[in-house]
Amino acid sequence: MNNAALLKRYRLKPHLPRHVAIIMDGNGRWAKKRRLPRIAGHRAGAHSIREIVRLSGELGIEALTLYAFSTENWKRPKTEVGLLMQLLKQYLRSEVEELLRNNVQLRTIGNTEDLPAEIQRELEKAIHATAHCAGLRLVLALSYSGRADLARAAREIAKEAKAGKLDPADITEKTIAQALSTADFPEVDLLIRTSGEFRVSNFLLWELAYSEFHITKTLWPDFRTPHFIRALRDFQGRQRRFGGVESIVGSVMSWAR
Ligand code: FPP
């Protein structure tokens, strides 16, 4: 089905968000409700990822950033961290074919050097295999912290200044945006958070400045096509003013990047 037919089928208007970011929360509660181990919730969450990635690509969304593992998540019990890493490895191994079929390019943000070596290898393989894909860019935030990314960007900019390559007086918002790990992607137009929590949890702190928020009580493993379409319709119903007074349709806040 082509994009126009899909939009019609889901009763969506043409102006979709260019970049959607998701805080996938509630896997543990989903499992607890079913008296299952927490990992069963994460496993079910991986199925939601598969469905939302495919749909995002089909709709023509340019980038989808998923908060898969925060720096704070390292504080979880060792067994849960280990099982999450196993799941990530399985996902990377089993999904490459599906990503290629759907023309999805895999990218990461975060301190991926903190991940176990075998996961880093799987990631490199999947990133390399999908590098030519020109459809959706799927960005996995792994060992990610918004504050850490801002601090890293500040260090990089300071180094340039110290080397005499940059006058501190010339540092603008664009300089910072371009030093962040998200520099390659369009502005985040829509942030979705599942499981009903009203928190940003150290995710994309700079990038969310003008994003629309969609918070749903649905737990991540239950978040599938109808929920995503609802979030997109919610976005399309918003009046985006970016601090001004006139309503702007869709995403026009992108930097010249
Ligand atoms: C939060 O649920 C979810 C995460 C820790 C990250 C998301 C992880 C997945 C969807 C697993 C699969 C990921 C990949 C990339 C294959 P929670 O455990 O905090 O839920 P709770 O708040 O209900 O306890």
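What counts and how
Residues take numbers from 1 onward in each chain, read along the sequence in its written order. Reporting of local features is limited, given that this is a predicted model, to residues whose pLDDT is at least 70; pairs of side-chain atoms are given and counted only at 80 or more, and all residues count toward the totals for whole chains, interfaces and linings. To obtain the side-chain values, all non-hydrogen atoms of the structure were included, while hydrogens and water were left out. Under this scheme, a helix contributes an axis fitted over its contacting stretch, all axes are lines through C-alpha atoms, and angles between N-to-C directions fall in the 0 to 180 degree range. Elements are defined by DSSP. Helices are runs of H or I of four residues or more, strands are runs of E of two residues or more, and each kind is numbered from the N terminus. Under this scheme an angle from 65 to 115 degrees is roughly perpendicular, one under 35 degrees roughly parallel, and one over 145 degrees roughly antiparallel; angles in between are oblique. The sense of a crossing depends on the near helix, which, turned anticlockwise from the far helix by less than a right angle, makes the crossing left-handed and, turned clockwise, makes it right-handed. The contact rule is simple, with two residues in contact once any of their heavy atoms fall within 4.5 Å. We call Asp, Glu, Lys and Arg charged. Ala, Val, Leu, Ile, Met, Phe, Trp, Tyr, Cys and Pro are nonpolar, and the rest, Gly among them, are polar. Between rings of Phe, Tyr and Trp, where Trp is taken as its six-membered ring, a pair exists when centres lie within 6.5 Å; planes separated by under 30 degrees are stacked, by over 60 edge-to-face, and by other angles tilted. Throughout this description, buried means an accessible area under 20% of the type-specific maximum (1.4 Å probe, protein chains only), exposed means over 50%, and partly exposed covers the range between. A pair of strands is labelled paired if DSSP reports no fewer than 2 bridges between them. Each residue is tested against the molecule or strand, and it is near if at least one of its non-hydrogen atoms lies within 4 Å. Whenever two N or O atoms come within 3.5 Å, that pair is a polar contact, provided that in protein one can donate a hydrogen and the other can accept it, and provided that, for residues adjacent in sequence, both atoms are side-chain atoms. Each accessible area is a Shrake-Rupley result for a 1.4 Å probe, and residues are judged covered by the shown protein chains and nothing else. pLDDT is a residue-level measure of predictor confidence that goes from 0 to 100.

This brings us to the packing of helix α3 (residues 38–59) against helix α4 (residues 78–101). To describe two helices that pack against each other, one gives the angle between their axes and the distance between the axes. Contact pair α3 / α4: the axes reach a minimum separation of 11 Å and the direction vectors enclose 25 degrees. Taken together, the axis directions place α3 and α4 in an arrangement best described as roughly parallel. You can see that α3 and α4 cross each other, and the crossing is right-handed. Judged by residue contacts, Arg-38, Ile-39, His-42, Arg-43, Ile-49, Arg-50, Val-53 and Arg-54 of α3 engage Glu-80, Leu-83, Leu-84, Leu-87, Tyr-91, Glu-95, Glu-98 and Leu-99 from α4. Partitioned by chemical class, the residues of the contact of α3 with α4 number eight nonpolar, one polar and seven charged.

Take the packing of aromatic side chains next. Aromatic ring pairs are described here by two measures, namely the spacing of the ring centres and the angle between the planes. Taken as a whole and assessed by the stated rule, the structure comprises six aromatic pairs. Note on Trp-220 and Phe-223: the rings are 5.3 Å apart at their centroids and 20 degrees apart in plane angle, and the pair reads as stacked. Like Phe-223, Trp-220 is buried. Three or more aromatic residues joined by ring pairs form one cluster here, namely Tyr-67, Tyr-144 and Phe-203.

Let us look at the pairing of strand β1 (residues 19–23). Counting buried residues along β1, five of its five residues qualify, which places the element largely inside the surrounding structure. The pairing of β1 with strand β2 (residues 63–70) spans five bridges and is parallel. Residue pairing in the sheet places Ile-22 in a bridge with Leu-66 of β2. As defined by bridge partners, β1 adjoins strand β5 (residues 190–193) across four bridges and the pair is classed as parallel. Bridge pairing links Ile-23 to Arg-193 in β5.

Around the ligand there are 18 residues in total, and Met-24, Gly-28, Arg-29, Arg-38 and Arg-76 lie nearest to it. Within the backbone of Asn-27, an N or O atom sits 3.1 Å from an oxygen atom of the ligand. At 2.7 Å, a side-chain N or O of Arg-38 approaches an oxygen atom of the ligand. Protein burial of the ligand: of its 630 Å² of free accessible surface, 91% is covered by the chains. Looking at the shell around the ligand, the elements with two or more residues in it are α2 (27–33), α3, β2 and α4. In terms of residue count, the dominant contributor to the shell around the ligand is α3 (four residues). Of the residues contributing to the shell around the ligand, the split by class is eight nonpolar, six polar and four charged.

Moving on, we come to the environment of Arg-238. The residue Arg-238 is located in the segment after α8 (225–236) in this model. The partly exposed category is assigned to Arg-238, whose relative accessible area is 27%. When the C-alpha positions of Arg-238 and Met-85 are compared, they lie 37 Å apart, and in sequence the two are 153 residues distant. Aside from chain neighbours lying at most four places away, what touches Arg-238 is Glu-212, Phe-213 and His-214. In terms of polar contacts, Arg-238 uses its side chain to reach the side chain of Glu-212, at 2.9 Å. Engagement of the side chain of Arg-238 in a polar contact is seen with the side chain of Asp-234, the distance being 2.8 Å.

With burial as the criterion, only one face of strand β6 (residues 212–215) is covered, namely that bearing Glu-212 and His-214; the residues Phe-213 and Ile-215 on the opposite face remain uncovered. For β5 and β6, the ladder comprises four bridges, and the chain directions are parallel. Along β6, the bridge assignment pairs Leu-190 with Glu-212.

Considering every residue of the chain, the mean pLDDT works out to 94; 95% of them sit at 70 or more. Contacts from residues 252–257, a stretch scored under 50 in pLDDT, to residues over four places away or in other chains number 20 contacts.

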